[in-house]
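Notes for the structure review
Single-letter residue listing:
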Amino acid sequence: MMEKLIVHGGAPLKGRVTISGSKNSSLPILAATLLTGDVCTIRRVPDLSDTNYMTQILAELGAEVERASGVVVVEARKIKHVAPYDLVRKMRASICVLGPLTGRLRKATVSLPGGCVIGDRPVDLHLKGLEALGAQITVDGGDIHVDARKHFKGTTLNLMGKHGSTVLGTDNVMMAAVLAKGTTIIEGAAAEPEVEDLANFLIKMGAKIEGAGSNRIIIEGVKELHGAEHTVIPDRIEAGTFLCVGAMLSDGLTIRRCAPEHLTAVTETLRKCGFPMEITKDTITIHGNPDAKGFDLTTLCYPGFPTDMQAQFCALACAIQDTSTITETIFPQRFMHVAEMKRMGANIDLQGATARIRGGEHMKGAPVMASDLRASAALVLAAMLAEGKTEINRLYHIDRGYEHLDDKLAGLGAQLERAKV
Ligand code: UD1
């Protein structure tokens, strides 16, 4: 059933919100349970359509999967090596079963994930990494076939691409290499906290990994892995999104159970703008500031400013009585939210991969279309800023990646409701 979100803008927000487990950690960690026939228990898995797709994929591949309130228990005793198009087409991140299937079964057939509205999203680096380990790779009829039965051995490889390192590519190569003989060194590895979280889970399963969280990961292959329990890290993008909400619309919003050390690029930008913040070990409290200054940000690989926060900062820039610029270097076409925000009265000039936003314009509610996950979240923020009613269509984009976003916002005083289309 298609749903839309109806937002009545202008409500002041206040209060506390609890951050969920990370979507981008949960997906590869769930895929990694395919690396053993033992039972694995993953906690704090957010209730999202993307994590549901992943558990469905695991079940279709032959694993037994049980899920109850954030805890997913997987036992992948006997699994198949084929993930067909019907299974993987709904979610691009399904590609992260490629590494574990290759590691465990030495062969994998995974359909190429389709295009994606945030631009051409290739998987060449994933394949280059597996090939370096000795796997033979063919792409045929839309499927990737990996055959690592004859040769599969640790080596030194580099995963740096023209837009920086690849998160899921690093995950895939790491998940394959933990069961390859010998030493693998991944140069140009993604250093995102989600990669480190996956490595920590693999280490609990018996893998030998050093350097995860840096650009050089060293893996000593082992014969087999065993079952393990793991709690995924807090979602830094959900946390950053609520920090934007707090900066734009609140006179005191506290996000709880977050990891402030993963959010420094975001909190430093907010602090430079002049939004007062108090940070503890696992909470951040932020206050609005009518005299906040504009910002100039460029998206970069971690620990730089995350591309997944770019659209939400575009909404924030609309609320600041100053000019801000945003340059996107990871996904240069990731600006679908701009046209929709302009329909609400935003003053944004987009030149190539740089948006120049003149904030403080009067924004008015309008019907808008969600295009991808983070762009949709940004539209919800813009709608809360705008006067009157905004209808956001294609709500399923938000349900892919934000656990109960509307309930959490309503708990802070936002005026919004879901409706059938
Ligand atoms: C992950 C995140 C996504 C985030 C992105 C960048 C998950 C489930 N998703 O996506 O939310 O926006 O990291 O932080 O964790 N590239 C290539 N060749 C490849 C792979 C990637 O050229 O083989 C390019 C991409 O087009 C992009 C850049 O590398 O320009 C980074 O992409 P990548 O880090 O791979 O993104 P994902 O891992 O798919």
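Just so it is clear, the structure is predicted and the values come from calculations on it, not from any experiment. (Residues numbered from 1 in each chain as written. Predicted model: local features only at pLDDT ≥ 70, side-chain atom pairs only at ≥ 80, totals over all residues. Heavy atoms only, no water.)

**As for the layout of surface pockets**
Heads up, the condition is: The method works on a 1 Å grid over the protein atoms by themselves. A cavity is a set of points holding a 1.4 Å probe that cannot get out, a pocket is an open set with protein on both sides within 12 Å along at least five of seven lines, and residues with an atom within 4 Å of a point line them. Grid points are joined across faces, edges and corners, and a volume is the space filled by probe spheres set on the points. The numbering of helices and of strands both runs from the N terminus, where a helix is a DSSP run of H or I of at least 4 residues and a strand a run of E of at least 2. Amino acids outside the nonpolar list (Ala, Val, Leu, Ile, Met, Phe, Trp, Tyr, Cys, Pro) and the charged list (Asp, Glu, Lys, Arg) are all regarded as polar, and Gly is one of them.
In this structure, the second largest pocket occupies an estimated 170 Å³ of space. Within the residue set of the lining of the second largest pocket, elements represented by two or more residues are α9 (264-273) and β18 (296-298). When residues in the lining of the second largest pocket are grouped by element, the largest group, five residues, is from α9. Here the lining of the second largest pocket is built from residues that sort into six nonpolar, three polar and three charged.

**Considering the nonpolar core**
Put simply, the test is: Definition of nonpolar core: a set of buried residues of the types Ala, Val, Leu, Ile, Met, Phe, Trp, Tyr and Cys, connected through side-chain atoms within 4.5 Å. Here's how the labels work: a residue is buried when its accessible area is under 20% of the maximum for its type, exposed when over 50%, partly exposed in between, all with a 1.4 Å probe on protein chains only. A contact between two residues is defined here by any heavy atoms of the two lying within 4.5 Å.
Among the nonpolar cores identified, the biggest contains 71 residues, and Ile255, Leu270, Phe313, Leu316 and Met341 are the most heavily contacted of them. Once residues within four sequence positions are removed from consideration, Leu270 is found in contact with Leu243, Ala247, Phe275, Met277, Ile286, Phe313 and Leu316. Counting residues in hydrophobic clusters, the runner-up holds 70 residues, among them Ala31, Leu87, Leu101 and Ala199.

**Observations regarding the sheet that holds strand β22 (residues 367-369)**
We count it as follows: Here, a strand pair is defined by DSSP locating no fewer than two bridges between the strands. All axes are obtained by fitting lines to C-alpha atoms, using only the stretch in contact for helices, and the reported angles, taken between N-to-C directions, cover 0 to 180 degrees.
Ordered by their spatial adjacency, four strands build an open sheet running β22-β23-β1-β24, and the pairing between neighbours is mixed. If you trace the sheet from one side to the other, it starts and ends with β22 and β24 (415-420), each paired once. For this sheet the average axis-to-axis angle between neighbouring strands, irrespective of direction, equals 25°. As paired strands, β22 and strand β23 (residues 389-393) are joined by three bridges and run parallel to one another. Each bridged residue has a counterpart across the sheet, and for Met369 the counterpart in β23 is Asn393.

**Some remarks on the site of the ligand**
What counts, and what does not: Throughout, near means a residue has at least one heavy atom within 4 Å of the molecule or strand. Distance and chemistry together define a polar contact, namely a pair of N or O atoms within 3.5 Å, with one atom able to donate a hydrogen and the other to accept it when in protein, and with adjacent residues in sequence counting only for side-chain atoms on both sides. The protein chains shown are the only cover counted for residues, whose accessible areas, like all others here, come from Shrake-Rupley with a 1.4 Å probe.
Looking at the ligand, there are 20 residues lining it, with Asp124, Leu125, Thr166, Asp308 and Ile330 nearest. At a separation of 2.8 Å, an oxygen atom of the ligand approaches a polar backbone atom of Val167. In this structure, an oxygen atom belonging to the ligand sits 2.6 Å away from a side-chain N or O atom of Asp308. Protein contacts shield 91% of the accessible area of the ligand, which totals 740 Å² for the unbound molecule. Secondary-structure elements contributing two or more residues to the shell around the ligand are α5 (124-132) and α6 (167-177).

**What to know about the sheet that holds strand β21 (residues 354-358)**
Taken together, the four strands give an open sheet; going across it, the order is β18-β19-β21-β20, and neighbouring strands pair in mixed fashion. Each edge of the sheet is formed by a strand with only one pairing partner; in this case those strands are β18 and β20 (347-351). Each strand axis lies, on average, 15° off the axis of its neighbour in the sheet, ignoring direction. In the packing of helix α10 (residues 310-319) onto the sheet, contacts are made with β18, β19 (323-327), β20 and β21, and the angle to β19 comes to roughly 170°.

**Notes on empty space enclosed by the protein**
Summed over all chains, the structure comprises three cavities of 30 Å³ or more. By volume, the largest cavity amounts to about 80 Å³. Contributing to the lining of the largest cavity are Arg236, Ile237, His262, Leu263, Thr264, Ala265, Val266, Tyr302, Pro303, Gly304, Pro306 and Met309. For the lining of the largest cavity, the secondary structure elements donating two or more residues are α8 (236-249) and α9. Examining the composition of the lining of the largest cavity, we find that three residues originate from one element, α9, more than from any other.

Everything listed here is a matter of geometry and, on its own, says nothing about what the molecule does.
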